[in-house]
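A closer look at the structure
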Amino acid sequence: MEVYLDNSATTRVLPCVKDLMVETMEVDYGNPSSLHTKGVEAERYVKQAKERIARTLKVQEKEIYFTSGGTESNNLALIGCAMANKRAGMHLITSCVEHASVLNPMHYLEEQGFSVTYLPVDETGRVKLSALEEAIREDTILVSVMYVNNEIGAVEPIDEIAAVIKKKKPDILFHVDAIQAYGKMTIRPKRQGIDLLSVSGHKIHGPKGVGFLYVGEKVKIHPILFGGGQQKGMRSGTENVPGIAGLGLAAQEMYRDHEEKIRALYELKEAFVEGIRGLEGTTVNGLTGRESAPHVVSVSFEGVRSEVLLHALEDKGIYVSSGSACSSNHPSVSSTLKSIGVKKELLDSTIRFSIGMETTMEEITYTIDTLRTLLPMLRRYRRT
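Residues numbered from 1 in each chain as written. Predicted model: local features only at pLDDT ≥ 70, side-chain atom pairs only at ≥ 80, totals over all residues. Heavy atoms only, no water.

**Quick notes on the overall build of the chain**
Quick note on the threshold: Secondary structure follows DSSP: runs of H or I at least 4 residues long count as helices, runs of E at least 2 residues long count as strands, and numbering of each begins at the N terminus. The globule rule is 2.2 Å times the number of residues to the power 0.38, and the radius of gyration it is compared with is taken over C-alpha atoms. Here's how the labels work: a residue is buried when its accessible area is under 20% of the maximum for its type, exposed when over 50%, partly exposed in between, all with a 1.4 Å probe on protein chains only. We call two residues contacting when some pair of their heavy atoms lies within 4.5 Å. Only the protein chains shown count as covering a residue, and every accessible area follows the Shrake-Rupley method with a 1.4 Å probe. Charge assignment: positive for Lys and Arg, negative for Asp and Glu; neither His nor the chain ends contribute. Think of each charge as sitting on NZ of Lys, CZ of Arg, CG of Asp or CD of Glu.
The helix and strand inventory of the chain stands at 12 helices and 12 strands. Taken over C-alpha atoms, the radius of gyration comes to 21 Å for the chain, in line with the 21 Å a tight globule of 384 residues would show. Taken over the C-alpha atoms alone, the chain extends approximately 65 × 55 × 35 Å along its principal axes. By the burial criterion, 58% of the 384 residues in the chain qualify as buried. When contacts within the chain are restricted to residue pairs at least 6 apart in sequence, those whose partners lie at least 24 apart make up 73%. About 16900 Å² of surface is accessible on the chain, with carbon and sulfur atoms providing 50% of the total. Counting 46 positive and 49 negative side-chain charges, the chain places the averaged centre of each group 3 Å from the other.

Structure representation (structure tokens):
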């Protein structure tokens, strides 16, 4: 049996998404900037994708900008807004548990003369609102906090964060990295006080190499790519029509019968967590109920290195992650796990399981049964 439990790293493209992308590559393959019929046909796919995405967020189509993915969306939001608003201030705020595609642009901006405050989180991984309130200064121009943590599934208090920001200094921009939240949560940027929102296609059964950034119409932002002036000059470069078309359709499909899909994910997660807690020497990190994300479970296994367990599970056809897929390229101790107080001896013994829309209860049962068999063997091996 093959069990894919690494859906936070990437997801399998939906068949309907693949078929639409093939159509844009083989039939309607024009450049959307071309004035002839082929170009007009290509442009229609881009417009349709904007319509589909805007509908899921209840925003305007003109507020959606396509990018190469989540990393570019986060870079555009942070660097673009910092540079556009630096006359108003040079102070930025984020949390200590953000993805590298937020933390590294913040480090870059520090090199450019900006100051950054990194907010602490509590033992569940949620940003401390009191720390945010204290951190806001007269020269603060931007706050960036992820919606769902990619390692432990913590759901940040986005509405409350926005309320603190708007009450203390209304003109501060609020950026949300929604790469692990979009498709799994109901998101309403205008109602929630979100000014910018980043999304990646391959986390929602769309293609890799494409994403979007929602930019509220009143947000002052500069482009970070320059060229032919596509997308109103905000993101130059010939549009990735197959990717954009696929992203738009994936977004539409994820939000079709959305409540039913999310209920099914939570049922799978709850069954998995219950099974894990029945195994000796395991600790589930962070919250696990309906107040957490429906698809991510972080588990520490006493006496077993995460890399060893990952490959042992792989041998049984089960695919998981030892952290975020991006950080796996550059192994280091997880700042998220340290921030929530995971014991030092468990930091290198933690696995992320991420459930997807295609996961079945049979696969959950098989995974628990496999762990029940593997863990005593691996622990004996370590002792010898």
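There is more to say, and it comes next.
**Here we look at the pattern of salt bridges**
Note the cut-off: By convention in these notes, a salt bridge is any Lys or Arg side-chain nitrogen within 4 Å of a carboxyl oxygen on Asp or Glu.
Applying the stated criterion across every chain yields a total of 15 salt bridges. A salt bridge links arginine 235 to glutamate 72, with the shortest nitrogen-to-oxygen separation between them at 2.7 Å. Of the two residues, arginine 235 is situated in the loop between strand E8 (211-215) and helix H8 (241-254) and glutamate 72 in helix H3 (residues 70-85); the sequence distance between them amounts to 163 residues. The pair arginine 235 / glutamate 72 is uniform in exposure class, with both members buried. The network of salt bridges with shared partners includes Arg305, Glu307 and Asp348.

**Here we look at the sheet that holds strand E10 (residues 296-301)**
Two pairing modes exist for strands in a sheet, parallel and antiparallel, and in both the strands are linked by backbone hydrogen bonds. Threshold: DSSP bridges decide pairing: two strands pair if at least two such bridges lie between them. The axes are straight lines fitted to the C-alpha atoms, using for helices just the contacting stretch, and the angles between their N-to-C directions are given from 0 to 180°.
Strands sit in the order E9-E10-E12 across an open sheet of 3 strands; the sheet is antiparallel. Each edge of the sheet is formed by a strand with only one pairing partner; in this case those strands are strand E9 (282-285) and strand E12 (350-354). Sheet twist, expressed as the mean angle between neighbouring strand axes with direction ignored, is 30 degrees. In terms of strand pairing, E9 meets E10 through 4 bridges, oriented antiparallel. Each bridged residue has a counterpart across the sheet, and for valine 284 the counterpart in E10 is valine 299.

**Observations concerning the sheet that holds strand E4 (residues 115-119)**
Pairing is mixed in the open sheet, where 7 strands are placed in the order E2-E8-E7-E6-E5-E3-E4. If you trace the sheet from one side to the other, it starts and ends with strand E2 (64-67) and E4, each paired once. Across the sheet, the mean angle separating the axes of adjacent strands is 20 degrees when strand polarity is ignored. Here 5 bridges tie strand E3 (residues 91-95) to E4, and the two strands are oriented parallel to one another. Looking across to E4, one finds that histidine 91 is bridged to serine 115. This element, helix H2 (residues 37-57), spans E2, strand E7 (196-200) and E8 of the sheet and lies at about 120 degrees to E2. Against the sheet, H3 touches E2, E3, strand E5 (140-146), strand E6 (173-177), E7 and E8, its axis set at about 160 degrees to E7.

**Let's talk about the side chain of serine 144**
Operational definition: Think of a polar contact as two N or O atoms within 3.5 Å of one another; within protein, one of them needs to be a possible hydrogen donor and the other a possible acceptor, and neighboring residues in sequence only count if both atoms come from side chains.
Looking at the element boundaries, serine 144 is found in strand E5. Relative accessible area serves as the criterion here: at 0%, serine 144 is assigned to the buried category. A polar contact is formed between the side chain of serine 144 and the side chain of histidine 175, at a distance of 2.8 Å. With residues near it in sequence (within four places) discarded, serine 144 still touches Leu78, Ile93, Thr94, Ser95, Glu98, Val102, Met106 and His175.

**Topic: the packing of aromatic side chains**
What counts here: Aromatic rings from Phe, Tyr and Trp, with only the six-membered ring used for Trp, were paired whenever their centres fell within 6.5 Å, and each pair was classed as stacked if the ring planes differed by under 30 degrees, edge-to-face if by over 60, and tilted otherwise.
Summed over the entire model, instances satisfying the criterion amount to 4 aromatic pairs. Taking 5.5 Å as the distance between ring centres and 85 degrees as the angle between the ring planes, the aromatic pair formed by tyrosine 182 and phenylalanine 212 counts as edge-to-face. Within this pair, whereas tyrosine 182 is found in the loop between E6 and helix H7 (189-192), its partner phenylalanine 212 is found in strand E8, the two being separated by 30 residues in sequence. Given a relative accessible area of 0%, tyrosine 182 falls into the buried group. On the basis of relative accessible area, phenylalanine 212 is assigned to the buried category, the value being 0%. Geometrically, the ring pair formed by phenylalanine 272 and phenylalanine 353 is tilted, given 4.8 Å between the ring centres and 55 degrees between the ring planes. On the criterion of sequence distance, the pair formed by phenylalanine 272 in helix H9 (residues 258-277) and phenylalanine 353 in strand E12 is long-range, its members being 81 residues apart. In this structure phenylalanine 272 comes out as buried when scored by relative accessible area, which is 1%. Here the aromatic cluster, defined as three or more aromatic residues joined through ring pairs, consists of Tyr182, Phe212 and Tyr255.

On their own, these measurements won't tell you what the molecule is for.
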